[in-house]
Structures are given as structure tokens and as C-alpha cells.
Amino acid sequence: EGMALPQRILFPPEEICMDWQQRQRPGAGLCNLGSTCYINVILQCLTYTPPLANYLLSRDHSQLCHRQGFCMMCIMEAHVRKVLHSSANVIWPRAVVRDLKFIGEEFEPDMAGDAYEFLRCALEAMQRACLSGSSNVDISSQTTTIIHQIFGGFLKSRVTCLRCQAVSDSYKAFLHVLLDIKAPSSLTKALENFVTPKSLDGKCCLKCSKCEKKVTASKRVTVHCVPKVFTVCLERAADHTGKKISKIVEYPEYLDLRPYMSDTAGEPLLYSLYALVVHSGDTCLDGHFFCYTKASNGQWYKMDDESVDNCGIHAVLRQQAYLLFYAR
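This one's a predicted model, so the numbers in the text were calculated from it and none came from an experiment. Numbers given for residues are sequential positions, taken from 1 along each chain in its written order. Side-chain atom pairs in this predicted model are given and counted only at pLDDT of 80 or more, local residue features only at pLDDT of at least 70, and totals for whole chains, interfaces and linings cover all residues. Calculation of side-chain values draws on the structure's entire complement of heavy atoms; hydrogens and water are dropped beforehand.

Enquirer: Please clarify how the layout of surface pockets should be interpreted in this entry.
Expert: One number sums up the size of the largest pocket: a volume of about 500 Å³. Here a strand is any run of E in DSSP of at least two residues, a helix any run of H or I of at least four, and the numbering for each starts at the N terminus. Among the secondary structure elements, those contributing two or more residues to the lining of the largest pocket are α8 (139–142), α9 (146–151), β3 (153–161) and β4 (167–174). The greatest single-element share of the lining of the largest pocket, amounting to three residues, is contributed by β4. The residue classification treats Ala, Val, Leu, Ile, Met, Phe, Trp, Tyr, Cys and Pro as nonpolar and Asp, Glu, Lys and Arg as charged. All others, Gly included, are polar. When its residues are assigned to classes, the lining of the largest pocket shows 13 nonpolar, eight polar and two charged. Here a cavity is any set of points on a 1 Å grid over the protein atoms alone where a 1.4 Å probe fits but cannot get out, and a pocket is any open set with protein on both sides within 12 Å along at least 5 of 7 lines; a residue lines the site when it has an atom within 4 Å of a point. Grid points are joined across faces, edges and corners, and a volume is the space filled by probe spheres set on the points. Roughly 390 Å³ of internal volume is contained in the second largest pocket. For the second largest pocket, the lining is made up of 16 residues, of which L10, Y55, H61, L64 and C130 are closest to its centre. Of all elements in the fold, only α3 (60–64) and α7 (115–131) reach the threshold of two or more residues within the lining of the second largest pocket.

Enquirer: Where do I start with the nonpolar core in this structure?
Expert: Considering soluble globular proteins, one finds that nonpolar side chains tend to be buried as a cluster. Residues M73, F118, I147, V277 and L323 are the most contacted members of the largest nonpolar core, which totals 64 residues. Sort the elements by how many residues they give to this core and α7 lands first, with eleven residues. Contact criterion: two residues are considered in contact whenever any of their non-hydrogen atoms come within 4.5 Å of each other. Setting aside anything within four residues of it in sequence, one finds V277 in contact with V41, I42, C45, A115, F289, F290, C291, A321, Y322, L323 and F325. If you look at the next biggest cluster of nonpolar residues, it comprises 33 residues, including Y260, L269, C311 and Y326. What we call a nonpolar core is a set of buried Ala, Val, Leu, Ile, Met, Phe, Trp, Tyr and Cys residues that are connected through their side-chain atoms within 4.5 Å. Between buried and exposed lies partly exposed: a residue is buried under 20% and exposed over 50% of the maximum accessible area for its type, with that area taken using a 1.4 Å probe on protein chains only.

Enquirer: Mind showing me how you'd approach unusual backbone geometry here?
Expert: A negative phi holds for most residues other than glycine; trans holds for most peptide bonds. Its identity as a non-glycine residue notwithstanding, D110 has a phi of 70 degrees, on the positive side. Mapped onto the elements, D110 comes out in the loop between α6 (100–103) and α7. The phi dihedral of D305 is positive, around 50 degrees, even though this residue is not glycine. Considering the arrangement of structural elements, one finds D305 in the loop between β14 (300–304) and β15 (307–311).

Put into C-alpha cells, the structure is as follows:
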């Protein structure tokens, strides 16, 4: 409804497997190659994303890839295989650091970076790799790659004219959601805040197509189509100076996305937490990143560069989380 149908399906959705196809102990830790903790945490969270790991371990991508030079999917495939199948306790993620400038122009070896920015750029680089070799793909078909079918959903933005009540809907694909936590004390409160209608007046006034003049309007954003993996960033930057919001924001092990949907009627849409990234440090411009991930054996582990240590769910749920990864 209101959304263009894709002309081509680039990856068959029925081939995505949400459960681990191989169960084993956790893989290797990752060597810090000089201020690369922000890279390491994202590589670990992606490695323990079951549908992505299942696909990469199948080698389906590299067997069909004709890309010359840099390919993020080939790099991730080799990385995940090495981490999960090697007998080594520590892996050097050299290929990723070597090709950093192709992943995102803002990243440089030996310089600290932000884990959310690296996640954003890594997903986009994997998306580009999935689209290479497919020319003239319409916008809707671009959301049918393996990456979009795992991480992607759609947001609906409904603008209502407060003068004549005319309604205008638009849709936008997303791979991750950024949530304001200045006021909310929990993930569910932040999501409620995200879908609460906001008023558009003053400088933000819109021209109503029916009234044919600038009017005060209300805008409400809701989740229209849910992703298989729901990735959230809790915005900890207080402002542009690097000041950090260091409070604890509560997040559940199991999350129901139904209350934040365009259509709130129906079965619960249940998600299970499987990874999170923590930033320790007084400001957003320095400090250290580490993460917690759930391995294929169902156990949780704290992953801090080279070290991989078993831990319980209670420790996992008490963190000052920055990024949260939930799977359907």
C-alpha cells in the first residue's frame, strides 16, 4: 500500500535461516591493531548475527562474485570463516583495516572511530557489494538483497494537516534506527517517544496540497515493515562537543515491536537480544568499545578485543549500552 513493488527479487527470502546451522563454542578474539576497538566490536556483532553468518559460511557469495578489487561481502565471508572455524584464540582483522578507506572515507588506520558510524558504513559497503553486477536495479528491488532482507525494514511517515485533516504518507527503508535517550530511561520509552506525533510549525511548516498554503501539521513516524534483525543505536552524544549521555538506559532481553508499528493490531512481533556494544569513557570522542554476543551454543560472552570471556545474562542486561542487536 503506497509502496512500489520490486521488479526483481535479488535474494530469495525463503533461503534466509534465522537459527544457527552449526552450533559450536565461540570463535576467536580480535587483535587491536591500534585504536581499532570500534571496528572489532562491529565485526564480532556481525559474526554472531545468525542469518548473516549462515549465509557467509555457505560461501554462496564468493562463488558467484566477479568483483575486481575491494568487496565487503568477500572480506566479511573470509573474516567470519576465520573467526568461527580457526583453532586460533586471536585473529588479526588485517583485511578490514587495510581496506578501511573503501568502507568509509572518514576512517583512518591508527585513528579512533565510532562504532555506530562503522556499522553504518559496513552495512552500506555490504549492500553495494550485493548490488554490484546488477545494473539498472530499481529502488524497490535494491531492498531485496540479502543485507536488506536481514537488517532492513520500512518506516512510514504520516503528515496530517491540522487545518483540514488531509493526510500524506511516505515510506523510507532503514537498516538501523537511531533513538534519542535525553529523556527516556528505557528502550521501550525511547521507542514510544520515536513513534509519538511531533508538531511541524514555525520554520518546519509544510505546504498542504489541499489547503494550498503553509499550515501547522503533525508528523508521526512508525515502523511499517519489520526487519529480521532490528539494530538500534542509543544516541549518547549530548551535543556536537562530544559530551556524553552516560546514564543507564534499560533494555529487555525480549522485545515486542508490535506497539511501534503502523498497524498495532495483531500478533506480538517478538525479538531476542543477541548482541550489544558498550562505550566506556567520559566523552564520545575518546574511550573504549567492547561488546557482548550470544554464540551459537546459546551462551553469552564478553568480547573485548583479544579476550573472550563467558558471562551471564544478568551482566549483559546491566550495561551502559550504545548499540543493541535484536533478532526475530
